[in-house]
Every structure is written in C-alpha cells, then in structure tokens.
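What follows is the residue order along each chain.
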Amino acid sequence: MEIYYYSFTGISKKLAELLGECLNLRPKEIKTSKKSYFFWLLLSFIPYLSFKAYFEKPSSSTLVLCFPKWTFNCPPITYFLKKISCENLFMIITFGGWGEKKYAKFYKKLASQRIKRVEVFLVKRKRVLNETSKVMEEILSWLNRIGI
Ligand SMILES: Cc1cc2nc3c(=O)[nH]c(=O)nc-3n(C[C@H](O)[C@H](O)[C@H](O)COP(=O)(O)O)c2cc1C
C-alpha cells in the first residue's frame, strides 16, 4: 500500500503524514507548479480538467489518496487519476463545508472508470484541526472496515 497526497493549504498533507506515521509508510506528494488561489479557484470550476503534476509512479495495487475539495474539480488530482493504475483506491477528501457529497460522487465515478474498487472518506477541515486524534481514529477504523 502507498499513501499519496496533494495539498494546497496543508490539511490533506497533515492527514497523509499522520496516517503515514500510523501505518509506517512515507506519504508521497503529488506536486505541481506554484499557482495562486485565484488561479486554482478558476480552474476548479471546470470539471475533468487536468493540470500537470509530478509524482513517484505508484508500485502498489492499493493506494490511499488524500486531497482537498475544490468547487467541481481539483486539476492536479484529476491528472493523477488519469495517469495511474491500481486495483484499490481509498480517497480521503478534506473540505471546508459545502458540496462535498457531490464532489465525492464525481471523483468516485471518475476513478471507477479505471480502478476496480474505489472508496471515499470525507472529513471537514475544521475537524482535522480541532479533533485530530478522533479523526485519525475514524480514518483507521474506516480503513480497517474496508479491509486494510
Ligand atoms: C480553489 C479552492 C476551492 C475550494 N472549494 C471548496 C468547496 O467548493 N467546498 C468546500 O467545502 N471547500 C472548498 N475549499 C476549501 C478546501 O476544500 C479545504 O480548506 C481543504 O481542507 C483544504 O485542503 P488542503 O489544505 O489540503 O489544500 C476550496 C479551497 C480552494 C483552495
């Protein structure tokens, strides 16, 4: 299993790092060129749009992917999903507070076109900051439930 993350303000990175500590894995960053909030906000309104990202090629059949909820689309994540192949993908999406269920459905459908099993866990940004250990417990028991 491998853990990947893309993070703009550090929340998804924090989760990936905490999870990495618990599972004794080094989280791998999905990197992209530095752009402003307004640049990403604009692109996030265009569903299916990819933006070039750089990452170590996955070598496991099971991936955990942490990333943020961005309007309709997170272009570096869409790029990642179009490039990789694996059998199981467990997505952990952090969000500010709106539209997360539709977004999760969108990404589940997109990833399922090429990946056999896709599961999603949603977590609010505020909870990651204020209830970190509870959130980690929930994520670990979710992973346990789905068979990791
Ligand atoms: C471009 C952009 C668009 C966003 N759109 C939404 C949104 O539609 N709904 C929401 O709940 N949060 C939205 N957010 C907030 C992020 O999902 C939230 O802060 C997340 O935890 C950030 O994760 P990160 O620190 O890993 O980047 C947006 C943030 C950015 C930068």
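Remember, it's a predicted structure, so these values are computed and weren't measured experimentally.

Criteria and cut-off values
Residues numbered from 1 in each chain as written. Predicted model: local features only at pLDDT ≥ 70, side-chain atom pairs only at ≥ 80, totals over all residues. Heavy atoms only, no water. Near = heavy atom within 4 Å. Polar contact = N/O pair within 3.5 Å; in protein donor to acceptor, adjacent residues only side chain to side chain. Areas by Shrake-Rupley, 256 points an atom, 1.4 Å probe, with all protein chains shown as cover. Helix = DSSP H or I, 4+ residues; strand = E, 2+ residues; numbered from the N terminus. Axes fitted to C-alpha atoms, helices over the stretch in contact; angles between N-to-C directions. Parallel < 35°, antiparallel > 145°, perpendicular 65-115°, else oblique. Contact = heavy atoms within 4.5 Å. Expected span 1.5 Å × (residues − 1). Buried < 20%, exposed > 50% of the residue type's maximum accessible area, 1.4 Å probe, protein only. Arc of directions from axis to C-beta. Core = buried A, V, L, I, M, F, W, Y, C linked by side-chain atoms within 4.5 Å.

### Some points on the site of the ligand
Logical step 1: As a matter of local geometry, the ligand sits amid 19 residues, with Ser 7, Thr 9, Ser 12, Lys 69 and Gly 97 nearest to it.
Logical step 2: Between Gly 10 and the ligand, the recorded distance is 2.9 Å, taken from a backbone N or O atom to an oxygen atom.
Logical step 3: Thr 94 has a polar side-chain atom sitting 2.9 Å from an oxygen atom of the ligand.
Logical step 4: Taking 650 Å² as the accessible area of the ligand by itself, protein coverage stands at 93%.
Logical step 5: Per element, the largest residue contribution to the shell around the ligand is 3 residues, and it comes from helix α2 (residues 37-43).

### Some words on the packing of helix α3 (residues 75-83) against helix α4 (residues 100-112)
Logical step 1: Taken N-terminus to C-terminus, the directions of α3 and α4 make an angle of 25°; their axes are 10 Å apart at the nearest point. Looking at the two axes, α3 sits roughly parallel to α4. Facing Ile 77, Thr 78 and Leu 81 of α3, the residues of α4 in contact are Tyr 107, Leu 110 and Ala 111.

### With respect to α4
The periodicity of an α-helix, 3.6 residues per turn, causes residues three or four places apart in sequence to face the same way.
Logical step 1: Between its first and last C-alpha, α4 extends 18 Å over 13 residues, near the 18 Å set by a 1.5 Å rise per residue.
Logical step 2: Every buried residue belonging to α4 is among Glu 100, Tyr 103, Ala 104, Phe 106, Tyr 107, Leu 110 and Ala 111, and all of these are buried. The buried residues of α4 occupy an angular sector of 160° when the element is viewed end-on, so they sit on one face. In α4, the exposed positions that point more than 90 degrees away from the buried face belong to Lys 101, Lys 102, Lys 105 and Lys 109.
Logical step 3: Residues of α4 that are buried sit in contact with β3 (62-68), α3, β4 (88-95) and β5 (117-124).

### Some thoughts on the nonpolar core
Logical step 1: Ranked by internal contacts, the top residues of the largest apolar core, which has 29 residues, are Leu 65, Ile 77, Leu 81, Leu 89 and Tyr 107.
Logical step 2: With 6 residues, α4 is the single largest residue contributor to this core.
Logical step 3: Counting 19 residues, the second-largest nonpolar core is a separate cluster that includes Ile 11, Ala 16, Cys 66 and Val 135.

What is shown is where atoms sit, not what they do.
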